[in-house]
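Coordinate analysis (summary)
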Amino acid sequence: DIDVDCTFDGEQGLRRLAATRPNLVLLDVMLPGKDGFTLCREIRRRNKVPVIMLTARGDVGDRVTGLELGADDYIAKPFDPRELVARIHTVLRRTQPVASSAVLEFEQLRIDPASRTVSSDGVAVELTTMEYELLLLFASNPGRDFSRDDILASLRGIDAALLTRSVDILVSRLRAKLGDTSRPGRIIHTVWGRGYRFTARPAGSP
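Residues numbered from 1 in each chain as written. Predicted model: local features only at pLDDT ≥ 70, side-chain atom pairs only at ≥ 80, totals over all residues. Heavy atoms only, no water.

1. Considerations on the overall build of the protein
Secondary structure assignment for the protein yields seven helices and ten strands. Here the protein holds 206 residues, and 44% of them are scored as buried. Within the protein, residue pairs in contact and separated by at least 24 positions form 53% of the contacts whose partners lie at least 6 positions apart. Accessible surface, the protein: about 10,900 Å² in total, of which carbon and sulfur atoms supply 51%. (Helix = DSSP H or I, 4+ residues; strand = E, 2+ residues; numbered from the N terminus. Buried < 20%, exposed > 50% of the residue type's maximum accessible area, 1.4 Å probe, protein only. Contact = heavy atoms within 4.5 Å. Areas by Shrake-Rupley, 256 points an atom, 1.4 Å probe, with all protein chains shown as cover.)

2. So, helix H2 (residues 36-46)
Side chains of residues three or four places apart in an α-helix project in the same direction, reflecting 3.6 residues per turn. Looking at H2, one finds that the buried residues are Gly36, Phe37, Leu39, Cys40, Glu42, Ile43 and Arg44. Looking at where H2 begins, the residue whose side-chain oxygen comes 3.2 Å from the main-chain nitrogen of Phe37 is Asp35. (Polar contact = N/O pair within 3.5 Å; in protein donor to acceptor, adjacent residues only side chain to side chain.)

3. Concerning the nonpolar core
If you look at the biggest cluster of nonpolar residues, it comprises 28 residues, and the most contacted ones within it are Val118, Leu135, Phe138, Ile151 and Phe198. Looking at this core, the elements that each hand over two or more residues are strand S5 (109-112), helix H5 (129-139), helix H6 (148-156), helix H7 (164-178) and strand S10 (195-198). Not counting residues up to four positions away in its chain, the partners in contact with Phe138 are Phe146, Ile151, Val171, Ile188, Tyr196 and Phe198. One finds Leu27, Phe37, Ile43 and Leu69 within the second-largest nonpolar core, a separate group that totals 15 residues. (Core = buried A, V, L, I, M, F, W, Y, C linked by side-chain atoms within 4.5 Å.)

4. Structural notes on the environment of Lys77
Within the secondary structure, Lys77 is located in the loop between strand S3 (73-76) and helix H4 (81-95). Lys77 sits in the partly exposed class, given a relative accessible area of 35%. If near-sequence neighbours (up to four positions away) are discounted, Lys77 is found in contact with Asp28, Leu54, Thr55 and Ala56. Among the polar contacts listed, one links the side chain of Lys77 to the side chain of Asp28, at a separation of 2.9 Å.

5. Quick word on the side chain of Glu42
By secondary structure assignment, the location of Glu42 is in helix H2. Aside from chain neighbours lying at most four places away, what touches Glu42 is Leu14 and Lys34.

6. Regarding the side chain of Asp28
Within the secondary structure layout, Asp28 lies in strand S1 (residues 25-28). Look at Asp28 and you get buried, because its relative accessible area is 18%. Apart from the residues within four sequence positions on either side, Asp28 is in contact with Gly36, Leu54, Thr55 and Lys77.

7. Describing the packing of aromatic side chains
For the structure on display, the rule yields two aromatic pairs. Look at Phe106 and Phe198: their rings are 5.0 Å apart centre to centre, the planes differ by 75 degrees, and that puts the pair in the edge-to-face class. Of this pair, Phe106 sits in the loop between strand S4 (104-105) and S5 while Phe198 sits in strand S10, placing them 92 residues apart in sequence. Like Phe198, Phe106 is buried. (Phe/Tyr/Trp six-rings, centres within 6.5 Å; stacked < 30°, edge-to-face > 60°.)

8. Looking at the pairing of S1
Successive side chains on a regular strand alternate, one facing one side of the sheet and the next facing the other. Judged from the four bridges that link them, S1 and strand S2 (residues 51-55) form a sheet pairing that is parallel. Bridging across to S2, Asp28 finds its partner in Leu54. Of the crossover connections in this fold, the one passing from S1 over H2 to the parallel S2 is right-handed. (Pairing = 2+ DSSP bridges. Right-handed = clockwise from strand over helix to strand, strands pointing away.)

9. Thoughts on the pattern of salt bridges
Evaluation of the coordinates by the stated rule reveals 18 salt bridges. Where Lys77 meets Asp28, a salt bridge forms, and the shortest distance between an N and an O atom there is 2.9 Å. Note that Lys77 is positioned in the loop between S3 and H4 and Asp28 in strand S1, a separation of 49 residues in sequence. Note that Arg44 is salt-bridged to Asp72, the shortest N-O span being 3.0 Å. A residue pair is termed long-range when its members are at least 10 positions apart, and Arg44 in helix H2 and Asp72 in the loop between helix H3 (60-68) and S3 qualify at 28 residues. Asp72 matches Arg44 in its accessibility class, with the two residues each being buried. One salt-bridge network, held together by shared partners, links Glu11, Lys34, Glu42 and Arg46. (Salt bridge = Lys/Arg side-chain N within 4 Å of Asp/Glu carboxyl O.)

10. Remarks on the sheet that holds S3
Pairing within the open sheet is parallel, and its three strands lie in the order S1-S2-S3. Two strands close off the open sheet at either side, each with one partner strand: S1 and S3. The sheet shows a mean angle of 25 degrees between the axes of neighbouring strands, taken without regard to direction. Note: S2 against S3, four bridges, orientation parallel. Bridging from a neighbouring strand, Thr55 pairs with Ala76 of S3. (Axes fitted to C-alpha atoms, helices over the stretch in contact; angles between N-to-C directions.)

Below, the structure is given as structure tokens:
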């Protein structure tokens, strides 16, 4: 079952978010006052709660904007309610702590799936759900080449070929948060014509 708490404008939504601490926010872009994109930006400044954008405007540009702002998924109206419920459950599964899973340790990174925490050079890194899942996908498969479609299929579980540009946005955000844009050797490499490869050295390797 899904318990739903509704608000009808952005300011009220932010107050309810602070008061009730929901497991997920379903955020309509077309809201009175502040629109959904503005609210998503404000939510991401203060909260890691998963966000699914919901809008009648389904063009690729709007979807990319939502993902750039840190949304975890994006669904356009009209939609089948069963699809929405499936998307909600998929996003919620991604945010649940793993009961028991080995810590992944590399020279620069430490990823703890049990607590869903990440540190880079000993400093905690705050990631959105999608950024964390992307990093975990890479770190669990070091040296493997992932095409953009491979990544989208793994993260979303749906055919999202029209949103391949969103992978580049996610990788760019992840690199920035990990400090991977300034370190001497990148840990996430672009493989021209193919996609991306994770090349961080395991901790303690010669």
